[in-house]
Amino acid sequence: MESQKKFPRTFSCEFFPPKTPEGAEKLARVREALTAGMQPAFFSVTFGAGGSTQQGTLDTVLAIQAAGQEAAPHLSCIGSTRDSVRALLERYRAAGVRRIVALRGDMPSGMREAGEFRHANELVAFIREVTGDHFHIEVAAYPEFHPQAPNAFRDLENFRRKVQAGADSAITQYFYSLEAYLHFVDDCEGMGLDLPIVPGIMPITNHTQLARFSDACGAEIPRWIRKRLEAYGDDRAAIQAFGEAVVSDLCRDLLEAGAPGLHFYTMNRAEPTLAIWRNLA
Ligand code: FAD
């Protein structure tokens with residue numbers, strides 16, 4: 001973990017693009033509450049598989065920038081062409097965006113054409129090729145390994161490809177095992193990778209939703225957490241109190257170990273993230 005301690009800490013929040021004008025208004029209030037409560041360095045905005053939320057992502061990014069805050073659009077390349085990515089990069093550059101989360105993404109069901117990019121390292125290389133050093137490029141990291149990786153070491157090698165292609169920093173998939181993160185960072189250090197690897201933090205507020213996400217993305221919910229969440233049943237207040245305590249402890253341990261910040265998967269809600277934040281004060 002030594003390499004991580006030299007980086008300034010960055011605290012950031014993630015949103016997904018709202019689908020309706022009411023959702024956009026609500027998200028503006030969430031953003032204001034998060035800004036007042038924790039002043040995140042930037043708000044990142046997800047990008048639907050295959051570009052399905054392209055306009056929504058752009059609109060949300062523009063709204064954040066217009067409010068005087070830094071926005072970081074996610075950009076997934078699967079199913080895209082070089083021309084379409086170049087055009088999007090130009091729009092972001094014209095809007096004053098300086099940070100991009102560069103991803104492969106997942107093929108939407110029913111979509112056959114993989115497009116002109118196969119993996120995120122190709123997207124990172126392309127962004128550098130066409131925009132030089134304009135953007136700070138974030139990439140995804142997987143302390144519990146990507147579900148499609150043939151094995152852990154190949155996944156680490158593939159992570160190295162993204163870094164060597166020009167990534168500036170990484171944000172991890174969420175996890176609830178401190179050790180998974182510490183080992184991942186140690187492996188990266190062992191490979192000579194020198195970039196901030198910021199833990200992605202998923203507040204726990206809803207057991208069914210968390211179980212569904214975790215199955216899909218390969219994040220493990222430790223048995224003791226799962227069993228307790230199951231036992232709480234429909235008692236939302238108990239789930240939230242337990243989740244807040246567990247995730248606050250994780251965040252505290254991560255920062256004490258030297259993590260260079262935290263990236264909160266807010267699910268477009270302010271309070272679960274702010275509750276954890278207050279516990280860290
Ligand atoms: P890659 O880095 O390309 O890795 C994908 C798989 O391919 C891995 O198994 C890797 O080992 C392997 N691989 C990588 N490079 C190579 C190579 N050169 N040769 C052979 N194998 C290789 N999804 C969205 O749709 N929209 C979002 O906005 C979004 N935001 C995210 C934000 C974060 C912080 C994270 C952690 C994930 C996000 N995702 C998002 C999910 C992500 O798109 C999926 O996890 C996707 O399956 C992988 O994307 P990647 O960029 O990590 O891919």
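In what follows, the accompanying structure is described. Predicted, not measured: the structure shown is a model, and the values here were computed from it.

**Some details on the site of the ligand**
Around the ligand lies a shell of 24 residues, among which Phe47, Asp106, Tyr142, His146 and Asp155 are the nearest. A distance of 3.2 Å separates a nitrogen atom of the ligand from a polar side-chain atom of Asn121. Ala149 is positioned such that a nitrogen or oxygen atom in its backbone is 3.3 Å from an oxygen atom of the ligand. Using a 2 Å cut-off from the grid points, one finds that the ligand occupies the largest pocket. Counting only elements with at least two residues in the shell around the ligand, the list comes to α4 (120-131), α5 (152-165) and β6 (169-174). Ranked by residues supplied to the shell around the ligand, first place goes to α5 with four residues. A per-class count over the shell around the ligand returns nine nonpolar, ten polar and five charged.

**A word on empty space enclosed by the protein**
Here the structure, examined in full by the defined rule, presents two cavities of 30 Å³ or more. In this structure, the largest cavity occupies an estimated 60 Å³ of space. What lines the largest cavity is Met202, Pro203, Ile204, Thr205, Asn206, Gln209, Leu210, Phe213 and Met267. Among the residues forming the lining of the largest cavity, the class breakdown is six nonpolar, three polar and no charged. Lining the second largest cavity we find Tyr142, Pro143, Glu144, Phe145, Gln173, Tyr174 and Phe175. Considering only residue class, the lining of the second largest cavity consists of five nonpolar, one polar and one charged.

How each quantity is defined
Numbers given to residues run from 1 along each chain, matching the order in which its sequence is written. Note on the predicted model: pLDDT of at least 70 is required for a residue's local features to be given, and 80 or more for side-chain atom pairs to be given and counted; whole-chain, interface and lining totals, by contrast, use all residues. Water and hydrogen atoms were dropped before computing side-chain values, which therefore reflect all heavy atoms in the structure. What makes a residue near a molecule or strand is one non-hydrogen atom of that residue sitting within 4 Å of it. Polar contact is the term for a pair of N or O atoms within 3.5 Å; when the atoms are in protein, one must be able to donate a hydrogen and the other to accept it, and sequence-neighboring residues count only if both atoms are side-chain atoms. In the cavity and pocket records, a cavity denotes points on a 1 Å grid over the protein atoms alone where a 1.4 Å probe fits but cannot get out, a pocket denotes an open set with protein on both sides within 12 Å along at least 5 of 7 lines, and lining residues are residues with an atom within 4 Å of a point. Being in a pocket or cavity means that more than half of the molecule's atoms lie within 2 Å of its grid points. Counting from the N terminus, the helices are the DSSP runs of H or I reaching at least four residues and the strands are the DSSP runs of E reaching at least two. Amino acids are sorted into nonpolar (Ala, Val, Leu, Ile, Met, Phe, Trp, Tyr, Cys and Pro), charged (Asp, Glu, Lys and Arg) and polar (every other residue, Gly among them). Grid points are joined across faces, edges and corners, and a volume is the space filled by probe spheres set on the points.

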